[in-house]
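Structural features, examined
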Amino acid sequence: MTSPYAHHAARRPEGLDAARPPWDIGRPQPALLALARNGALCGRVLDIGCGTGEHTLMAAAVGLDATGIDLAADALRIAGQKAHERGLTARFLRHDALRVGELGELFDTVLDSLVLHALDAADRAVYLDAVRSVLRPGGKLFVLGYSDRHTGQPAVPHELSRSDIASCFTDGWVLESVQPTVCASNLHADGVAAWLITCTRI
């Protein structure tokens, strides 16, 4: 079986249940849940690479207009079932993260849980340009990505350094903060060292 780590985060394949990704933990990532509880999310929220919908539903649960996008039809089906079971209203769309600008909509908050870190430098530039096009001026982008500080086993790919992060947000963004945190994982008992990145769209 192919390791779920080999799957490109921006283009997750079909058959999610057959190869459960390490980040599919059945609840929101703690670092992002803290943002919701502290009122950091506002307005219309777009969850890019939403998978089975935990962060989209997290936003919906605090009363926000929440949309999640992903390319994995199985994951989106599960997300819709969760919304129904929890009595929450959220929208789930099958859409490519690199072409998010084609949604033709504007959002106040964008969530990225483990998408940006999996892209190469060229795709990161394309992706962030697309994100800027759907984020209102002054809107916030929150990114959770694996950190080069991770030392546990198994090893993880796509680690971001502080210099990697700084190079991503040079044009059209204010890089507000880069905070060390932990990403929960179903393969790592102690989680994965990560960064929580906060940016404002100029």
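Our subject is the structure listed above.
Described in the following lines is the structure provided in the data block. (Residues numbered from 1 in each chain as written. Predicted model: local features only at pLDDT ≥ 70, side-chain atom pairs only at ≥ 80, totals over all residues. Heavy atoms only, no water.)

Here's the deal with the nonpolar core
By size, the foremost hydrophobic cluster in this structure holds 29 residues, and its most contacted members are L46, I48, V100, Y127, L141 and F169. Put simply, the parts of the chain that give this core at least two residues each are strand 1 (44-48), strand 4 (107-113), helix 4 (121-134), strand 5 (135-146), helix 5 (162-168), strand 6 (173-183) and strand 7 (192-201). Element by element, the count of residues in this core is highest for helix 4, at five residues. If you look at the next biggest cluster of nonpolar residues, it comprises 22 residues, including L35, L41, A66 and L111. (Core = buried A, V, L, I, M, F, W, Y, C linked by side-chain atoms within 4.5 Å. Buried < 20%, exposed > 50% of the residue type's maximum accessible area, 1.4 Å probe, protein only. Helix = DSSP H or I, 4+ residues; strand = E, 2+ residues; numbered from the N terminus.)

Structural notes on the packing of aromatic side chains
Under the counting rule described, the total for this entry stands at one aromatic pair. Considering the side-chain rings of F169 and W173, the 5.8 Å spacing of their centres and the 90° angle between planes classify their relative orientation as edge-to-face. Among the residues examined, W173 registers a relative accessible area of 5% and is labelled buried. Between R44 and the ring centre of F107, over which it is positioned, the NZ or CZ distance is 4.5 Å. The positively charged end of R149 is found above the aromatic ring belonging to W195, 5.1 Å away from the centroid. (Phe/Tyr/Trp six-rings, centres within 6.5 Å; stacked < 30°, edge-to-face > 60°. Lys NZ or Arg CZ within 6 Å of the ring centre and 35° of its normal.)

Description of the pairing of strand 3 (residues 91-94)
Alignment of strand 2 (residues 65-70) against strand 3, held across four bridges, turns out to be parallel. Residue I69 lies in a different strand from strand 3, and its bridge partner there is L93. This β-α-β element, strand 2 to helix 3 (residues 73-86) to strand 3, shows right-handed connectivity. (Pairing = 2+ DSSP bridges. Right-handed = clockwise from strand over helix to strand, strands pointing away.)

Quick notes on the side chain of D70
Tracing the chain through its elements places D70 in strand 2. Within the structure, D70 has its side chain in polar contact with the backbone nitrogen of G51 (distance 2.8 Å). (Polar contact = N/O pair within 3.5 Å; in protein donor to acceptor, adjacent residues only side chain to side chain.)

Description of the sheet that holds strand 5
Sheet architecture is open: seven strands sit in the order 3-2-1-4-5-7-6, paired in mixed fashion. The open sheet has two free edges, formed respectively by strand 3 and strand 6, since each of these has just one partner strand. Recorded for the sheet is a direction-independent mean angle of 15° between the axes of neighbouring strands. Across the face of the sheet, helix 2 (residues 54-61) comes into contact with strand 1, strand 2, strand 3 and strand 4 while running at roughly 175° to strand 2. Sheet strands touched by helix 4: strand 1, strand 4, strand 5, strand 6 and strand 7. Its angle to strand 5, the strand with the most contacts, is close to 140°. (Axes fitted to C-alpha atoms, helices over the stretch in contact; angles between N-to-C directions. Contact = heavy atoms within 4.5 Å.)

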